[in-house]
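# A closer look at the structure
Each chain, letter by letter, is given below.
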Amino acid sequence: MLCNAVRKLAKDFPDTVYSVIKGEESCMYTIGKCGPGAGCIVGQAFVAAYPHLKHVAKETDDVGITGPRGLLGNAGLRLNEYDFRWLEAVQNKQDNGCEWGLAVKYADEHLGLS
């Protein structure tokens with residue numbers, strides 16, 4: 001469910017480049033909207049896939065937990081190892097200035113889905 005939500009955002013907003021929000025030391029899951037000036041693709045997808053758990057993404061930001069494993073663990077959700085690795089690859093690429101569409105393409109290619 002979460003991976004599909006990430007793919008949808010990357011398809012809808014392929015040119016979006018995430019950047020750290022002013023005043024924050026690291027990337028945040030719940031700040032920003034899709035499109036220009038967007039928040040994290042994983043955080044945006046998490047809220048889209050699990051709107052009833054939006055508060056968990058905010059709490060995760062507040063305590064400084066990072067990465068898809070931390071976010072999903074904080075929400076009590078489990079994914080298979082492949083999906084975790086794929087989400088981590090997408091998030092890592094977007095955190096380092098890669099466009100969302102290219103971040104998904106990279107994860108697919110490097111995890112055997114090309």
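Keep in mind that what you see is a predicted model, and the values were worked out from it rather than measured.

## Notes on the overall build of the chain
Across its full length, the chain holds six helices and zero strands. Ordered by position in the sequence, the α and β elements of the chain form the string α-α-α-α-α-α. Within the span of the chain, comprising 114 residues, buried residues form 41% of the whole. Counting contacts in the chain only where the partners sit at least 6 residues apart, residues at least 24 apart contribute 57% of the total. Of the accessible surface of the chain, which amounts to about 6200 Å², a share of 52% is contributed by carbon and sulfur atoms.

## Side note on the environment of N92
Structurally, N92 is set in helix α5 (residues 81-95). On a C-alpha basis, the gap between N92 and A107 in space is 9.7 Å, while along the polypeptide they are 15 residues apart.

## Quick word on the nonpolar core
By size, the foremost hydrophobic cluster in this structure holds 31 residues, and its most contacted members are L2, V6, I41, F46, W86, L87 and V90. Broken down by secondary-structure element, the contributors of at least two residues to this core are α1 (2-12), α2 (41-49), α3 (54-63), α4 (67-75), α5 and α6 (100-110). Counting residues per element, this core draws most heavily on α1, at six residues. Filtering out sequence-adjacent residues up to four positions away, V6 remains in contact with I41, V42, A45, W86, L87, V90 and V104.

## Regarding the packing of aromatic side chains
Tallied over the full model, the rule gives one aromatic pair. The ring of Y106 has K93 lying over it, and the distance from NZ or CZ to the ring centre is 4.3 Å.

## A short note on α4
By the burial criterion, the buried members of α4 are G67, P68, G70, L71, L72 and A75. Of the residues one or two after α4, G76 is the one with positive phi, at around 75°.

## Details of the pattern of salt bridges
Under the criterion given, the structure shown has three salt bridges. Linking D108 and R7 is a salt bridge whose minimum nitrogen-to-oxygen distance equals 2.7 Å. Pair noted here: D108 is in helix α6 and R7 is in helix α1, with a separation of 101 residues, a long-range link. Owing to a relative accessible area of 13%, D108 belongs among the buried residues under this scheme. Residue E109 is joined to K105 by a salt bridge in which the shortest nitrogen-to-oxygen separation is 4.0 Å. Within this pair, E109 and its partner K105 are both found in helix α6, separated by four residues, close to a single helical turn. Classification of E109 by relative accessible area gives partly exposed; the value is 39%.

## Focus: the confidence of the model for the chain
Here the chain averages 81 in pLDDT, and 75% of its residues register 70 or above. Looking across the chain, the model is least confident in α3, with a mean pLDDT of 72, and most confident in α6, with 95.

Scoring rules and cut-offs
- Residues numbered from 1 in each chain as written.
- Predicted model: local features only at pLDDT ≥ 70, side-chain atom pairs only at ≥ 80, totals over all residues.
- Heavy atoms only, no water.
- Helix = DSSP H or I, 4+ residues; strand = E, 2+ residues; numbered from the N terminus.
- Buried < 20%, exposed > 50% of the residue type's maximum accessible area, 1.4 Å probe, protein only.
- Contact = heavy atoms within 4.5 Å.
- Areas by Shrake-Rupley, 256 points an atom, 1.4 Å probe, with all protein chains shown as cover.
- Core = buried A, V, L, I, M, F, W, Y, C linked by side-chain atoms within 4.5 Å.
- Phe/Tyr/Trp six-rings, centres within 6.5 Å; stacked < 30°, edge-to-face > 60°.
- Lys NZ or Arg CZ within 6 Å of the ring centre and 35° of its normal.
- Salt bridge = Lys/Arg side-chain N within 4 Å of Asp/Glu carboxyl O.
- pLDDT = per-residue confidence, 0-100.

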